[in-house]
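Analysis of the macromolecular model
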Amino acid sequence: MPGGILRSFDPMIDSLFGPLQFWHWLALAAILVGIEVMAPGVFFLWLAAGAAITGLTLLVLPDLGWEFQLLVFAAVSVVSIYGGRRWIKNRSQPEDHPH
């Protein structure tokens, strides 16, 4: 879709980012999972989910501009962090008596 809304408006920024492909996002997801394995907590896992979903979205919509890719990544990351923290909080209820 040349000239469509899915394309970037600034050629200078396009040259900085270059053409982001779906595998860039999937590689970022793999790197973030690797960081998650080495870091305490469960924060990078949700960012990895955002990167993976952005990569899959780009696989389906290959003409998606970098602005929308970052928007998808940010939105999915925020939602997954919020949902993941609530899920973990609800699962880790203290028990009355130890085993």
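Computed from a predicted structure; not experimentally measured.

Once that is clear, we can look at the overall build of the protein chain. Helices and strands together make up the secondary structure of the protein chain, namely four helices and zero strands. Ordered by position from N to C terminus, the α and β elements of the protein chain give α-α-α-α. Carbon and sulfur atoms make up 73% of the accessible area of the protein chain, which amounts to about 7,200 Å² in all.

Right, let's talk about the packing of aromatic side chains for a bit. The tally for this structure, following the rule as stated, stands at two aromatic pairs. Here Phe 43 and Phe 44 contribute two aromatic rings whose centre-to-centre distance is 5.7 Å and whose plane-to-plane angle is 75°, an arrangement assigned as edge-to-face. When its relative accessible area of 42% is taken as the criterion, Phe 43 is described as partly exposed. What makes Phe 44 partly exposed here is its relative accessible area of 27%.

Take the packing of helix α3 (residues 44–60) against helix α4 (residues 66–91) next. Packing of α3 against α4 leaves a shortest axis separation of 8 Å and a crossing angle of 140°. As judged from the angle between their axes, α3 and α4 are oblique. Classified by chirality, the crossing of α4 by α3 is right-handed. The segment α3 lies against α4, with Trp 46, Leu 47, Ala 49, Gly 50, Ala 51, Ile 53, Thr 54, Thr 57 and Leu 58 engaging Gln 69, Val 72, Phe 73, Val 76, Ser 77, Ser 80, Ile 81, Gly 84 and Ile 88. Residue composition of the contact of α3 with α4, grouped by class: 11 nonpolar, seven polar and no charged.

As a further point, take helix α2 (residues 22–38). With 17 residues, α2 ought to run about 24 Å at 1.5 Å a step, and its terminal C-alpha atoms sit 25 Å apart, in line with that. Within the span of α2, buried status applies to Trp 25, Ala 29, Leu 32 and Glu 36. One face of α2 carries all of its buried residues, which in axial projection span an arc of 65°. Opposite its buried face, α2 presents the exposed residues Ala 30, Ile 31, Val 37 and Met 38, each directed more than 90 degrees away. Contact partners of the buried residues in α2: α3 and α4.

Further remarks concern the packing of α2 against α3. With their axes 8 Å apart at the nearest point, α2 and α3 run at an angle of 165° to one another. Judged by the angle between their axes, α2 and α3 are roughly antiparallel. Between α2 and α3 lies a crossing of left-handed hand. Judged by residue contacts, Phe 22, Trp 25, Leu 26, Leu 28, Ala 29, Leu 32, Val 33, Ile 35 and Glu 36 of α2 engage Phe 44, Leu 45, Leu 47, Ala 48, Ala 51, Ala 52, Thr 54, Gly 55, Leu 58 and Leu 59 from α3.

How each quantity is defined
- Residues numbered from 1 in each chain as written.
- Predicted model: local features only at pLDDT ≥ 70, side-chain atom pairs only at ≥ 80, totals over all residues.
- Heavy atoms only, no water.
- Helix = DSSP H or I, 4+ residues; strand = E, 2+ residues; numbered from the N terminus.
- Areas by Shrake-Rupley, 256 points an atom, 1.4 Å probe, with all protein chains shown as cover.
- Phe/Tyr/Trp six-rings, centres within 6.5 Å; stacked < 30°, edge-to-face > 60°.
- Buried < 20%, exposed > 50% of the residue type's maximum accessible area, 1.4 Å probe, protein only.
- Axes fitted to C-alpha atoms, helices over the stretch in contact; angles between N-to-C directions.
- Parallel < 35°, antiparallel > 145°, perpendicular 65-115°, else oblique.
- Left-handed = near helix turned anticlockwise from the far one by under 90°.
- Contact = heavy atoms within 4.5 Å.
- Nonpolar A, V, L, I, M, F, W, Y, C, P; charged D, E, K, R; others polar.
- Expected span 1.5 Å × (residues − 1).
- Arc of directions from axis to C-beta.

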